[in-house]
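This is what each chain is made of:
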Amino acid sequence: MQQINLWLLHRQFEEANIQICFNGPLTHSIIEELGMAVRRYLENETPGTEKMMDIFSVYIEQTQNVRNYARKKQSAETPALYNTITLTIGRLGDQYVVVSGNVIDQADVSPLVAKIEQLRTLDAAELKALYKEQRRKQLTDEASGAGLGLIDMARKTSQPLAYQVQPINDKTAFFTLQAVV
C-alpha cells in the first residue's frame with residue numbers, strides 16, 4: 001500500500017469543512033450503516049428539522065444511484081469499478097453540501113448531464129410537476145427505479161445540482177454530483 005499523508009488529508013478536510021467522508025465499495029449493509037451514522041450526526045447538528053431529513057434523503061439518493069448504476073454495469077472484468085463511491089458531507093455556512101463521485105461509462109455522460117442540465121433550469125413548481133409526472137409513468141423492464149432520484153434531490157436543494165466530469169480514459173469518466181441543502 002502506498003503511504004499517504006493523513007495529516008495533509010485531515011487538513012484538507014478541515015479547510016473544506018468536510019464532516020463525513022466515505023471512500024470505497026458500496027453494499028446494501030454499508031449504505032445502511034453509514035446512513036445510520038449520518039443520521040445520528042445530523043440529529044446532533046440539526047435535531048428535529050426538515051433540513052435534517054432533506055440532507056439524509058440526498059445522501060440516500062446519491063448512494064442508491066451509484067449502487068443501482070453499479071448493478072447494471074458490473075461484469076466479471078470490472079467487479080468493483082462501478083461500485084466504488086467517494087462521498088462527503090460538509091458544511092457551507094448554515095447549509096450542508098453532499099457530494100458523491102463514481103466511475104461511469106463515457107457513453108452515459110451525455111444523457112446524465114442532459115438530465116441534470118434540464119433540472120437546473122426548473123423552478124420549485126416545475127420540479128414538483130415533473131416529479132408528479134414521473135411518478136405516474138410506468139416502469140420499463142430495464143429501469144431500476146422510476147427516475148425520481150435526481151428530481152427529488154433537485155427539489156430538496158437550495159442551489160441547482162452541480163456536477164463535474166473528469167475523463168479517466170476513452171471508456172470511463174469520474175462523475176461528481178454536488179447537492180447543497
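Below is a short write-up of the structure.

What counts and how
Residues numbered from 1 in each chain as written. Predicted model: local features only at pLDDT ≥ 70, side-chain atom pairs only at ≥ 80, totals over all residues. Heavy atoms only, no water. Pairing = 2+ DSSP bridges. Helix = DSSP H or I, 4+ residues; strand = E, 2+ residues; numbered from the N terminus. Axes fitted to C-alpha atoms, helices over the stretch in contact; angles between N-to-C directions. Contact = heavy atoms within 4.5 Å. Core = buried A, V, L, I, M, F, W, Y, C linked by side-chain atoms within 4.5 Å. Buried < 20%, exposed > 50% of the residue type's maximum accessible area, 1.4 Å probe, protein only. Salt bridge = Lys/Arg side-chain N within 4 Å of Asp/Glu carboxyl O. 1 Å grid on protein atoms, 1.4 Å probe; cavity = no way out; pocket = protein on both sides within 12 Å on 5 of 7 lines; lining within 4 Å. Points joined across faces, edges and corners; volume = space filled by probe spheres on them. Nonpolar A, V, L, I, M, F, W, Y, C, P; charged D, E, K, R; others polar.

**Considering the sheet that holds strand β1 (residues 18-25)**
What links the strands of a sheet is backbone hydrogen bonding, and the strands pair in either a parallel or an antiparallel sense.
Part 1: Spatially, five strands are ordered β1-β2-β3-β5-β4 in an open sheet, and the strand pairing comes out antiparallel. A strand with exactly one partner marks an edge of an open sheet, and here the two such strands are β1 and β4 (162-167). For this sheet, the mean angle separating the axes of adjacent strands, direction not counted, is 15°.
Part 2: In this sheet, strand β5 (residues 172-180) lies alongside strand β3 (residues 95-105) in antiparallel orientation, the contact comprising nine bridges. From the neighbouring strand, Asn102 faces β5, where its bridge partner is Phe175.
Part 3: Here helix α3 (residues 50-73) sits on the sheet and contacts β2 (84-92), β3 and β5; the angle it forms with β3, its principal contact strand, is near 5°.

**Looking at the nonpolar core**
Part 1: Ranked by internal contacts, the top residues of the largest apolar core, which has 42 residues, are Val38, Leu42, Leu119 and Leu161.
Part 2: When residues of this core are assigned to their parent elements, the largest contribution, eight residues, is made by α3.

**Considering the pattern of salt bridges**
Part 1: Applying the stated criterion to the full structure yields six salt bridges.
Part 2: Its salt-bridge partner being Asp105, residue Lys73 comes within 3.1 Å of it at the nearest N-O pair. One end of the pair, Lys73, is in helix α3; the other, Asp105, is in strand β3, and 32 residues separate them in sequence.
Part 3: Residue Asp105 is classed as buried on the basis of its relative accessible area, which comes to 16%.
Part 4: We note a salt bridge from Arg120 to Glu117, for which the minimum N-O separation is 3.9 Å. Taken as a pair, Arg120 and Glu117 lie in helix α4 (residues 106-120) at a separation of three residues, close to a single helical turn.
Part 5: Among the residues examined, Glu117 registers a relative accessible area of 34% and is labelled partly exposed.

**Here we look at the layout of surface pockets**
Part 1: Put simply, the second largest pocket is a space of about 210 Å³.
Part 2: If you trace the second largest pocket, you find 15 residues lining it, with Ala124, Leu127, Ala154, Arg155 and Thr157 closest to the centre.
Part 3: Only α4, α5 (124-136) and α6 (149-156) provide two or more residues apiece to the lining of the second largest pocket.
Part 4: Its residues assigned to classes, the lining of the second largest pocket shows seven nonpolar, three polar and five charged.

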